[in-house]
Amino acid sequence: MTTTGRIIQKIASPGFRGFIAWTDEDDGHQNPVFIASFEHPVEGYIEAYVKLYPHQNGLNRGLVNEITGYLYGHALQVPQPDHAFLAEIPLNRLRNIDQHLPTGHWLHGALKTTNTWPGFCSSRLDGKSAAVHVPDTEIYAVREDIAAWGDLPRAVAMDENIAHVDRHFNNLIRLGRKKYAVIDNGRLVNGNSERWTCDMLDPSALYRNRLSEHVWAHRPADETISAMIDFAQRHQAAFATIKQELEYWLRLLLPKEHADFNSFLSSRTESVEWLLRKRYQRLV
Amino acid sequence: MVTQETLPAPGLMAEEYVPDGLFDDAPAIKDAPVTGHWFPIRLTPDLATGEMFNVGVGFIDDTGQLHTKLLENANAFKCIYGQAGQENFNFLLTIIKQHFSQVNVPISPSPHIRLGPQAFVSGSHPESIIKNLYDTMVSLRCDDESSSVAASQIAISTETVRKRLFGLMKKEAPKIYERLHRETPVRLFDKQQNPLLLDLPIWNEHPDLYHSKGTRFGTIVSAHYRDKVYRNYNLDGGSLNILNAAMILSEKNVEGGLFILRPAEGTTGYDSQMITAVENDIDRAVWAVQQRKNVKVIVSPDVHRLMHASLELAS
C-alpha cells in the first residue's frame, strides 16, 4: 500500500507548520493535547488536535488504539473528524512546554533524549463550525439529545467491536441538535489506562460499553437493538476495506503483539452481532 | 474473563524513546521558507470585566519584521455596545492598525488592546501565515458579503434541490443518471384502472437492470422553507406521490426513496424554534411513508448525501 493511499497519513517534522494552543486543561496533562497546523500531503494546510502518548517500553498502546478506532470509524461510517494522521512533532516548537507540564512529567524525560515525538492528530470539527465538546455530565438534557442521535446505534456497535471502554460523553463532539461525532479512541480494552496486554484480549468478552451504559442503561428500545444488529452484519464487509492498512499499522507499532491484537479484532468483527445479542439478551 | 493488569505502574522503569523508522516512509515535505512567531491581538472593551475578544493576529518573522491583520471594522460590537460602542471600537482599531504599521514592535499602545503569548509558526509567505491564523483566531467578522450569502440560503426550492442533486449525479455517475432520472411525470394505474400522474423524478421500471429485479422510484423535495405553507405543500406532495406509487407497484422487489432537503442547524433565518417546526412537519409528512418496508426516507441538509442515497437505489 502506497503512503498516499492510506487513510491515515504520516507527516514528518518539516510538515509541522505552527503551534496554536494547548487544550489539555485537566488530568495533569498526562497525555498533552494541543492544536497545531500542518502541511498535509493530500489536504494541504490543515489544523488538527494533537495528542502525545508516552512510549513506556512499548506498553502504552495509545497510538495503536487511536489508529484502530479511527480506521474502524472510517470503515463503519461513524461520524468522526475528516482526517487523522501521525505527525512527527518538533517538541521545541510547542509553546512554553517547560512551564505547561508539571515536574516529573514523562515528556520532560523524552525531551532529554529526542527532539521530536509522534503525535496522533485528528482534524478539527470545532472552531468556525461552532461544534462543541459535550460536557462530561449526566444532565438529562444531554442524555436525551444523544439518545436521539441517528448514528448512536452505529457508534455503540463499533465500540462493542473494538472494545472501546472509555466513550464517556466528553468523547463526543456536538455538531448540532441530535447530531454528534466521536473522538478519542485512546482507551481500548483497558478502561484504566492506554496499556493493555495480550492476556486482556478476550474476543468473546463483554467489555464496558459506556455509550450504551450512560444513554440507555444497557436497555435500548427493541428497534434500536434491531438497528445495531443490522449494522453489525455489515462489519465484516467494512473491515475488509481497512484490513490491509490496519495490518500495516499493527506490525509497525506492535512488533511483538500485532498477530494477537489482529486476531482479537478480526474475531470480534466476525462475532459482533453475537456480542450485541448477548449484551442485550436478544439471543433469538 | 478480562484479567487485571500486573505490570509496574507507569513511570517506573519506563523508557521514553521513539521507535526507529516510524517516519521513514512519510511523504517528502519541504521545510516552510518563512518562520517566526505569532500572537493573538485581543480587545478588552471593559477594563473592569476583563472580557476579551480576538480582533487580530500579529506575526514576527525571523528577520524581525512585524506583520499584523486586524478586523476590518467593529460592526460585530454594535449588538453588544450600541452605535457609540461600535464607533469607539472602530476608532480604536484604526489607531492600532496605524500604530503597528509605523512601529515595528509588538507592543500595544492601549490598555484595551492586549497581545497574547507568542508561539512558533511557519509557512510559504507572511501573507498566507497571517491569513490562516486570522481565519482561525478571529470570529468577530461582520460584513455585507457574508450576510447576503446567508440570505440566499434561507429558502431553497424543490426545483433548486433537484437541479443540484441531478447535476451532481450526472457528474459523478452519468450512467446511473441516465437510468434513473425522469423529467416527465409517470403515469400509473390504480386498481380501478384510473390513471394517476405522479411526480417521480427517480424512475426506472426495467426489471433486469437491478440486482433484486424490481422497479425503482423516488422523489426529491425541499423542506428548506421558512414559510410553513410552502414547506408543507412540498412535503405533503412528495409523500403522497411516493405513497401512491408504493401502493400501485405491488410487485415484490420494488424499491423507493423519498429524499428531503432540510435546513442545517445554525442556518441563518432558522432559529431553534424554526428548526423544531421544520422537523415536526417532516416527521408528520413522512410517517405514513416510513411504514412502507420498501421505501426509505432520507432527510439531510446536505445535497451530496441525498444524491449518494439516491444512487443506492440503483444497486
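Before any of the text, the structure's been laid out above.
Residues numbered from 1 in each chain as written. Chains lettered and ligands numbered in written order. Predicted model: local features only at pLDDT ≥ 70, side-chain atom pairs only at ≥ 80, totals over all residues. Heavy atoms only, no water.

A. Seen up close, the interface of chain A and chain B. On the chain B side, the residues contacting the 52 residues of chain A number 45 residues. Regarding the contact of chain A and chain B, the summed buried area is about 3,900 Å², with carbon and sulfur atoms giving 57% of it. For Arg177(A), the salt bridge goes to Glu279(B), with nearest N and O atoms at 2.3 Å. If you look at where chain A meets chain B, you find ten residue pairs in polar contact (both at pLDDT 80 or more). Where the side of chain A that touches chain B is concerned, the elements lending two or more residues are β1 (9-11), β2 (16-22), β4 (44-52), β5 (84-90), α3 (106-113), β6 (116-123) and α8 (235-253) of chain A. By residue number, the principal contributor to the side of chain A that touches chain B is β2(A), which donates five residues. When grouped by side-chain class, the residues that make up the side of chain A that touches chain B number 22 nonpolar, 14 polar and 16 charged. (Contact = heavy atoms within 4.5 Å. Buried area = accessible area lost by both parts, 1.4 Å probe. Salt bridge = Lys/Arg side-chain N within 4 Å of Asp/Glu carboxyl O. Polar contact = N/O pair within 3.5 Å; in protein donor to acceptor, adjacent residues only side chain to side chain. Helix = DSSP H or I, 4+ residues; strand = E, 2+ residues; numbered from the N terminus. Nonpolar A, V, L, I, M, F, W, Y, C, P; charged D, E, K, R; others polar.)

B. How the structure looks around the pattern of salt bridges. Residue and element names in this part refer to chain B. This model, assessed by the stated rule, comprises 26 salt bridges over all chains. A salt bridge links lysine 163 to glutamate 159; the nearest nitrogen and oxygen atoms lie 3.9 Å apart. Linking lysine 163 with glutamate 159, this pair stays in helix α4 (residues 158-172), spanning four residues, or about one helical turn. For the pair lysine 163 and glutamate 159, one class covers both residues: exposed. (Buried < 20%, exposed > 50% of the residue type's maximum accessible area, 1.4 Å probe, protein only.)

C. Focus on the pairing of strand β6 (residues 186-189) of chain B. All names here are of chain B. Across the two faces of β6 the burial differs, with Val186 and Leu188 buried and Arg187 and Phe189 not buried at all. Across four bridges, β6 lies against strand β7 (residues 195-198) in antiparallel orientation. Its bridge partner being in β7, phenylalanine 189 is matched across the sheet by proline 195. Once β6 ends, the chain turns through five residues before running back antiparallel as β7, passing glutamine 193 with a positive phi of about 65 degrees. (Pairing = 2+ DSSP bridges.)

D. Representation of the sheet that holds strand β8 (residues 172-176) of chain A in the model. Residue and element names in this part refer to chain A. Strand order in the open sheet made by the three strands is β7-β8-β9, with antiparallel pairing throughout. The open sheet terminates on both sides in strands that have one partner only, identified here as β7 (132-133) and β9 (179-182). By the bridge criterion, two bridges tie β7 to β8 in an arrangement that is antiparallel. What sits directly across from valine 132, in β8, is arginine 174.

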